[in-house]
Amino acid sequence: MIDLSHLRADFPILHQQVNGQPLVYFDNAASSQKPRAVIDSLVHYYEHDNANVHRGLHALSNRATDAFESAREKLARFIGAASPEEVIFTRGTTESINLVANIWASEFLKPGDIILYTGMEHHSNLVPWQLAAKRSGASVQHIPVLEDGTLDLENINALLTEQVKLFTCVHVSNSLGTINPVKELCARARALGITTLIDGAQAVGHMPVNVQDIGCDFYVFSGHKMCAPTGIGGLYGRAEVLAKMPPWHGGGEMIDLVTLETSTYKAAPARFEAGTPDIAGVIGLGAAIDYLETIGIDRIHEHGAALTSYAMQRLTELPGIRILGPATGDRGSLTAFHLASAHPHDLVEFANTHGLALRGGHHCTQPLMKRFQIPGSSRASFYFYNTTAEIDRMMEILHRAVTFFS
Amino acid sequence: MALPDDLRELYQQVILDHSRSPRNQGQLSADSCVHIHSDNPSCGDEIDLYICFNDDGSIYDIKFEGQGCAISQASTSMMTEKVKSISREELIQLIQDLQQTVLGQGEIQNPEALGELRLFESVQKFPQRIKCALLGWRGLESALSKNSLSRS
């Protein structure tokens with residue numbers, strides 16, 4: 001396994017005690033920690049360059065605009081977009097999905113159309129479509145999930161039909177760790193003229209992502225799961241698709257000409273970015289991409305896969321454990337499990353008193369928990385600053401928890 | 001690595017014992033029985049309470065089914081052992097005293113009636129678990145008002 005432990009020095013937050021024990025932070029799928037370089041970029045912006053973007057003719061506004069737009073260029077390159085104009089800044093994955101489920105859907109969904117998603121989507125990729133279906137008269141269908149945590153694609157031809165107008169799928173499942181075959185699924189969908197949206201919340205910053213290679217129309221993600229601040233994220237939209245979409249929020253920045261009667265609108269991305277954006281957040285996201293690129297996204301992915309594999313192997317030591325998701329093959333850097341002896345909330349409480357941060361519950365995937373007939377699960381999710389020594393520490397704590405609750 | 005004291009207080013032996021072997025499990029189907037479903041949507045804990053009331057509003061029999069964390073299941077199990085054969089007034093006082101024990105607010109009127117339920121004062125140190133400790137008790141409250149409504 002590659003040793004990235006020297007990078008821990010870049011993360012001030014990791015060096016603390018929680019409940020008298022050294023912090024082990026294994027809740028990265030919920031939110032990652034921030035390196036000093038990202039924190040410093042925010043301080044630098046507010047101390048030196050703070051001004052509104054795209055408006056001023058003065059030095060500070062120009063600097064802020066340059067930093068803002070250069071972050072867009074970095075992000076476009078980072079995810080393999082054809083141009084920076086295909087990248088829209090949003091508050092994160094949820095807002096990106098809601099933008100498409102409102103604006104694209106209002107233009108293109110008609111009664112009788114089908115929205116196809118999968119049984120392993122996060123609530124944020126279910127609820128906006130259910131709302132869109134209600135508004136448009138379309139209906140929702142889903143691809144089921146197999147016992148091993150992969151998609152049941154046996155009847156995909158019966159599900160992915162010309163009646164489907166939008167197909168959406170999570171790239172990496174936040175509950176199962178499954179990496180879905182999004183490229184193949186998008187190719188099938190595209191052949192039928194179906195618009196596609198991939199939820200990359202757990203993928204970007206964790207593994208190489210290239211939206212043109214995937215061949216999707218939309219790709220959505222959050223900055224805070226990849227070392228950037230909270231409240232900033234992105235929506236990739238293929239230029240051709242964005243060009244057909246009406247504006248979302250109306251306001252400053254998204255217009256060409258405004259009269260008292262009517263207005264004309266800018267092209268993407270400005271069309272979808274009304275009002276003063278989260279400038280500091282965007283700059284922080286740019287700094288996060290710089291930071292991740294100095295490590296190398298391939299190395300981050302390899303390290304995450306090795307940690308996950310090690311954790312899954314050690315977790316089998318626990319009596320009565322059921323590990324969710326694929327047992328073998330490439331996985332996202334997380335593992336969720338259910339212990340017969342301890343409810344997830346009791347386990348997470350126990351872990352917390354030992355300084356170990358796990359997530360317990362339904363992980364915003366209630367249909368998936370129902371599918372596997374469990375009330376919830378406990379999840380350990382890793383990032384490049386985590387180590388096998390921390391997994392050993394987790395196992396020590398989990399063994400104690402099993403003894404305590406059995 | 002010693003177990004933290006707070007944790008030992010939260011998961012006392014009697015609480016763990018009730019969570020592992022909950023008492024009064026099952027359903028009651030008589031016409032006079034009230035059925036109340038309570039859940040915490042954010043964590044998925046569920047309790048189904050089945051309560052038979054006497055004409056005077058006291059509880060004749062109580063059973064429950066549920067799934068969830070040790071705190072919610074033990075609290076409900078211990079509740080079912082306390083509420084039979086006490087008057088309606090004592091019952092209302094018990095609910096109030098238990099809530100004040102868990103929340104750490106107000107004065108406990110009848111500490112003796114609470115008995116082992118006083119262990120739940122340790123939940124005060126774990127605010128995110130208050131809703132677990134009160135899940136079954138909230139169901140009991142609903143059952144009481146449903147029962148009074150059906151009689152009025």
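Since the model is a prediction, treat every value here as computed from it, not as a measurement. (Residues numbered from 1 in each chain as written. Chains lettered and ligands numbered in written order. Predicted model: local features only at pLDDT ≥ 70, side-chain atom pairs only at ≥ 80, totals over all residues. Heavy atoms only, no water.)

J.: For this particular structure, what's the right way to read the overall build of chain A?
T.: Along its length, chain A carries 13 helices and 17 strands. Its C-alpha radius of gyration of 22 Å places chain A within 12% of the 22 Å reference for a compact globule of 406 residues. If one aligns the C-alpha atoms of chain A with their principal axes, the spans along those axes are about 70 × 55 × 30 Å. Across the 406 residues in chain A, those meeting the buried criterion constitute 58%. Long-range contacts, defined here as pairs at least 24 residues apart, represent 70% of the contacts in chain A between residues at least 6 apart. Positive and negative side-chain charges in chain A, numbering 31 and 41 respectively, have mean positions lying 4 Å apart. (Helix = DSSP H or I, 4+ residues; strand = E, 2+ residues; numbered from the N terminus. Rg over C-alpha atoms; globule rule 2.2 N^0.38 Å. Buried < 20%, exposed > 50% of the residue type's maximum accessible area, 1.4 Å probe, protein only. Contact = heavy atoms within 4.5 Å. Lys, Arg positive; Asp, Glu negative; His and termini not counted. Charge placed at Lys NZ, Arg CZ, Asp CG, Glu CD.)

J.: Can you help me understand the environment of B:S75 in this one?
T.: Residue and element names in this part refer to chain B. Here S75 shows up in helix 3 (residues 70–82). Note on S75: relative accessible area 1%, which makes it buried. Here the alpha-carbon distance between S75 and G136, two residues 61 residues apart in the chain, equals 7.0 Å. Among all residues touching S75, those that are not within four sequence positions of it are F120, A133 and W137.

J.: Explanation requested: the interface of chain B and chain A in the structure shown.
T.: Interfaces are often described in size by the accessible area the parts lose on coming together. Contact residues are listed per partner, giving 21 residues for chain B and 17 residues for chain A. Counting across the interface, chain B meets chain A through two salt bridges. With a closest N to O distance of 2.7 Å, A:E349 and B:R129 form a salt bridge. The interface formed by chain B and chain A contains eleven residue pairs in polar contact (both at pLDDT 80 or more). For the side of chain B that touches chain A, the elements supplying multiple residues, two or more each, are helix 1 (5–10), helix 2 (13–20) and helix 3 of chain B. Taken together, the residues of the side of chain B that touches chain A sort by class into 14 nonpolar, four polar and three charged. (Salt bridge = Lys/Arg side-chain N within 4 Å of Asp/Glu carboxyl O. Polar contact = N/O pair within 3.5 Å; in protein donor to acceptor, adjacent residues only side chain to side chain. Nonpolar A, V, L, I, M, F, W, Y, C, P; charged D, E, K, R; others polar.)

J.: Help me understand the pairing of strand 4 (residues 87–90) of chain A in this model?
T.: Every regular strand shows the same layout, with side chains that alternate between the two sheet faces. Residue and element names in this part refer to chain A. Going residue by residue along strand 4, you find V87 and F89 tucked away on one face and I88 and T90 tucked away on the opposite face as well. With four bridges joining them, strand 4 and strand 10 (residues 233–237) adopt antiparallel strand pairing. Across the sheet, the residue bridging to V87 is Y236, located in strand 10. (Pairing = 2+ DSSP bridges.)

J.: Just checking my understanding: could you explain the pairing of strand 5 (residues 114–118) of chain A for this structure?
T.: Residues and elements named next belong to chain A. Burial of strand 5 is extensive: five of the five residues sit out of reach of the surface. Taking every second residue as pointing to the same face, both faces of strand 5 are buried, with I114, L116 and T118 on one and I115 and Y117 on the other. This β-α-β element, strand 5 to helix 4 (residues 127–136) to strand 6 (residues 139–143), shows right-handed connectivity. In this sheet, strand 7 (residues 164–170) lies alongside strand 5 in parallel orientation, the contact comprising three bridges. Across the sheet, the residue bridging to L116 is F167, located in strand 7. (Right-handed = clockwise from strand over helix to strand, strands pointing away.)

J.: Explain the side chain of B:D48 to me, please; I cannot follow it from the model alone.
T.: Residues and elements named next belong to chain B. Structurally, D48 is set in strand 2 (residues 45–53). At 9.9 Å, K146 is the nearest oppositely charged side chain to D48, a buried residue that forms no salt bridge. Among the polar contacts made by the side chain of D48, one reaches the side chain of H35 at a distance of 2.7 Å. Once residues lying within four places of it in the same chain are set aside, the contact partners of D48 are H35, I36, H37, K63, F64 and E65.

J.: What's the story with the sheet that holds strand 16 (residues 359–361) of chain A in this structure? I'm lost.
T.: The strands making up a sheet associate through backbone hydrogen bonding, with each pair oriented either parallel or antiparallel. Residue and element names in this part refer to chain A. Taken in spatial order, the four strands make up an open sheet running 13-14-17-16, and their pairing is antiparallel. Each edge of the open sheet carries a strand with a single partner, namely strand 13 (321–323) and strand 16. On average, adjacent strands in this sheet sit at an angle of 25° to one another, irrespective of strand direction. Across three bridges, the pairing between strand 16 and strand 17 (residues 377–381) is antiparallel. (Axes fitted to C-alpha atoms, helices over the stretch in contact; angles between N-to-C directions.)

J.: Is there a simple way to think about the state of the cysteines in this case?
T.: Note on terminology: a disulfide is the covalent bond linking the sulfur atoms of two cysteines. Residues and elements named next belong to chain B. Inspection of the entire model under this criterion finds one disulfide over all chains. Note that C33 is cross-linked by a disulfide to C52, the S-S spacing being 2.1 Å. Residue C33 is found in strand 1 (residues 33–40), and its partner C52 is found in strand 2; the two are separated by 19 residues along the sequence. Each member of the pair, C33 as well as C52, is classed as buried. Considering cysteine sulfurs only, C69 is the nearest to C132, which forms no disulfide, with 3.8 Å between them. A residue is classified by how much of its surface remains accessible, and C132, at 2% relative accessible area, is buried. (Disulfide = S-S within 2.5 Å.)

J.: What should I look at first to understand the packing of helix 1 (residues 36–49) of chain A against helix 2 (residues 59–79) of chain A in this one?
T.: Between two packed helices, what matters for the description is the angle formed by their axes and the separation of those axes. All names here are of chain A. Across the interface, helix 1 lies against helix 2 with an axial gap of 10 Å and an inter-helix angle of 155°. Judged by the inter-axis angle, helix 1 sits roughly antiparallel to helix 2. Across the interface between the two elements, Y45, H48 and D49 of helix 1 pack against L60, R63 and A64 of helix 2. Considering only residue class, the contact of helix 1 with helix 2 consists of three nonpolar, one polar and two charged. (Parallel < 35°, antiparallel > 145°, perpendicular 65-115°, else oblique.)

J.: I'm lost on the packing of helix 1 of chain A against helix 9 (residues 279–295) of chain A in this one. Help?
T.: Residues and elements named next belong to chain A. Two numbers describe how helix 1 lies on helix 9: the axes approach to 8 Å, and their chain directions differ by 145°. Every pair of crossing elements has a handedness; the one defined by helix 1 and helix 9 is right-handed. Along the contact surface, helix 1 presents A37, V38, S41, L42, Y45 and Y46, while helix 9 presents I279, A280, I283, G284, A287, A288 and Y291. Residue composition of the contact of helix 1 with helix 9, grouped by class: eleven nonpolar, two polar and no charged. (Left-handed = near helix turned anticlockwise from the far one by under 90°.)

J.: How should the domain arrangement of chain A be read in this particular structure?
T.: Residues and elements named next belong to chain A. Under the domain assignment, chain A is made up of domain 1 (5–26 + 296–405) and domain 2 (39–293). Put simply, the middle of domain 1 and the middle of domain 2, counted by C-alpha atoms, are 28 Å apart. Counting from both sides, the interface comprises 33 residues of domain 1 and, opposite them, 32 residues of domain 2. Here domain 1 and domain 2 share an interface that buries about 2500 Å² over both sides, 59% of which is from carbon and sulfur atoms. Contact with domain 2 buries surface across domain 1, with I297, L368 and Y383 losing the most and accounting together for 22% of the total. Scanning the region where domain 1 abuts domain 2 turns up two salt bridges. Ionic pairing is found between E147 and R371, a salt bridge with its closest N-O pair at 3.2 Å. Applying the counting criterion to the domain 1 and domain 2 interface returns 15 residue pairs in polar contact (both at pLDDT 80 or more). Those elements giving two or more residues to the side of domain 1 that touches domain 2 turn out to be helix 10 (297–315), strand 14 (334–339) and helix 12 (366–371). (Domains from an automatic or database assignment. Buried area = accessible area lost by both parts, 1.4 Å probe.)

J.: Please clarify how unusual backbone geometry should be interpreted in this entry.
T.: The general pattern is negative phi for most residues beyond glycine and trans for most peptide bonds. All names here are of chain A. Going from A268 to P269, the amide bond is cis rather than trans, its omega being 5°. Within the secondary structure, P269 is located in the loop between strand 12 (263–265) and helix 9. Phi is positive for Q373, close to 50°, though the residue is something other than glycine. By the secondary structure assignment, Q373 is in the loop between helix 12 and strand 17.

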